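Structure at a glance
In case you want the letters, here they are:
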Amino acid sequence: MSAVLKGSPHEYFNQYKIFYLRKIFQAQQKLTSRPLKILDYGCGVGLFSKTIYDAFNNITIHGFDVSSKSIEQVPEEIRTGGNFFTSNLAELDSDYDIALLITVLHHVVPKSDRPGVMQNIYKRLKPGGKLIIIEHNMKNPLTRKLVNNSPVDKDAFTLDMSECKNLLASSGFKNISGKYIVFFPKQLACLRFLDKFISHVPLGAQYMTSGEK
């Protein structure tokens, strides 16, 4: 599976995440009459923001990243309407419906800085807003090998699902949940409908946790 992961298009795995996020977005949309406001926290150069932009209608995306150089590389095509991207926390709003931390937390070092990140997000969500975290599942030996050999993750400190849940709980989030995701490579995409039956099995390449303000 490791070879498959390395050879599979990055976009496939972004779309795989959309497979999980769609129901969450739809449920939150029912709670508001305006476009969903999405905060992509740690957005980097906007790769996942672009995926969201292409996948969903009636949303507004605000992206934040500590790297101003990364923000400069966010595609102009998604800087439309009310969408914007910044490295200045003060420019963010305080009424987001959904905040996303997509493979970001393991790059927040030292670990003692992570509660601060969670608090930054918590206070920017509206009541009932959700934070969704997706991280690498190091219980999967092939994911562990891939991450350990990745130059991008050289200085990262991974965390497991229980650590993510504890961070959510200690930051004030409620209705916390978690499941394992991304079980099938592109060649077996037809089997993704099985994910919901095996989400408790710690063999997915990643896991997803969420909490509500």
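Reading the values: the criteria
Residues numbered from 1 in each chain as written. Predicted model: local features only at pLDDT ≥ 70, side-chain atom pairs only at ≥ 80, totals over all residues. Heavy atoms only, no water. Buried < 20%, exposed > 50% of the residue type's maximum accessible area, 1.4 Å probe, protein only. Helix = DSSP H or I, 4+ residues; strand = E, 2+ residues; numbered from the N terminus. Pairing = 2+ DSSP bridges. Right-handed = clockwise from strand over helix to strand, strands pointing away. Core = buried A, V, L, I, M, F, W, Y, C linked by side-chain atoms within 4.5 Å. 1 Å grid on protein atoms, 1.4 Å probe; cavity = no way out; pocket = protein on both sides within 12 Å on 5 of 7 lines; lining within 4 Å. Points joined across faces, edges and corners; volume = space filled by probe spheres on them. Salt bridge = Lys/Arg side-chain N within 4 Å of Asp/Glu carboxyl O.

A closer look at the pairing of strand β1 (residues 36-41)
Counting buried positions over the six residues of β1 gives six, a clear majority of the element. Burial along β1 is two-sided: Leu36, Ile38 and Asp40 facing one way and Lys37, Leu39 and Tyr41 facing the other are all buried. Inspection of the sheet shows β1 paired to strand β2 (residues 59-64) by six bridges, in the parallel sense. Looking across to β2, one finds that Ile38 is bridged to Ile61. The parallel pair β1 and β2 is bridged by helix α3 (residues 47-55), and the resulting crossover is right-handed. With three bridges joining them, β1 and strand β4 (residues 96-102) adopt parallel strand pairing. Across the sheet, Asp40 pairs through a bridge with Leu100, a residue of β4.

Notes on the pairing of β4
Taken across its seven residues, β4 has seven buried, putting it largely inside the fold. Note that β4 and strand β5 (residues 125-136) share six bridges and pair parallel. In the strand pairing of β5, Leu100 is matched with Ile132. After leaving β4, the chain enters helix α5 (residues 114-122) and then returns to the sheet as β5, a path that is right-handed.

Brief notes about the nonpolar core
If you look at the biggest cluster of nonpolar residues, it comprises 55 residues, and the most contacted ones within it are Leu21, Ile52, Leu100, Leu101, Leu105 and Leu131. A per-element tally of this core places helix α2 (residues 10-29) first, with eight residues.

Some remarks on unusual backbone geometry
Pro110 follows Val109 through a cis peptide bond whose omega is 0°. In this model, Asn175 sits at a positive phi of 50°, which is unusual for a non-glycine residue. Its place among the elements puts Asn175 in strand β6 (residues 174-181). Of note in this structure, Val182 is not a glycine but carries a positive phi near 60°. With respect to the element layout, Val182 can be found in the loop between β6 and α8 (195-198). Judged by relative accessible area, which is 2%, Val182 ranks as buried.

Some details on the layout of surface pockets
Computed from the structure, the second largest pocket encloses a volume of approximately 370 Å³. Surrounding the second largest pocket, 17 residues form its lining, Phe19, Tyr20, Lys23, Lys179 and Lys196 being those nearest its centre. Of all elements in the fold, only α2, β6, α8 and β7 (206-212) reach the threshold of two or more residues within the lining of the second largest pocket. Counting residues per element, the lining of the second largest pocket draws most heavily on α2, at five residues.

Considering the environment of Asn57
For Asn57, the location among the structural elements is in the loop between α3 and β2. What makes Asn57 exposed here is its relative accessible area of 73%. Between the C-alpha atoms of Asn57 and Leu21, which are 36 residues apart in sequence, the distance is 14 Å.

Side note on the pattern of salt bridges
The full count for this structure, using the stated rule, is seven salt bridges. In this structure, the salt-bridge partner of Lys50 is Asp54, at a minimum N-O distance of 2.6 Å. Of this pair, Lys50 and Asp54 both sit in helix α3, separated by four residues, roughly a single helical turn. One salt bridge in this structure joins Glu77 and Lys50, with 3.7 Å as the shortest N-O distance. Placement of the pair is Glu77 in the loop between α4 (68-72) and β3 (84-86) and Lys50 in helix α3, with a sequence separation of 27 residues. When its relative accessible area of 47% is taken as the criterion, Glu77 is described as partly exposed. Counted as one network, the salt bridges with shared partners bring together Arg34, Asp97 and Lys126.

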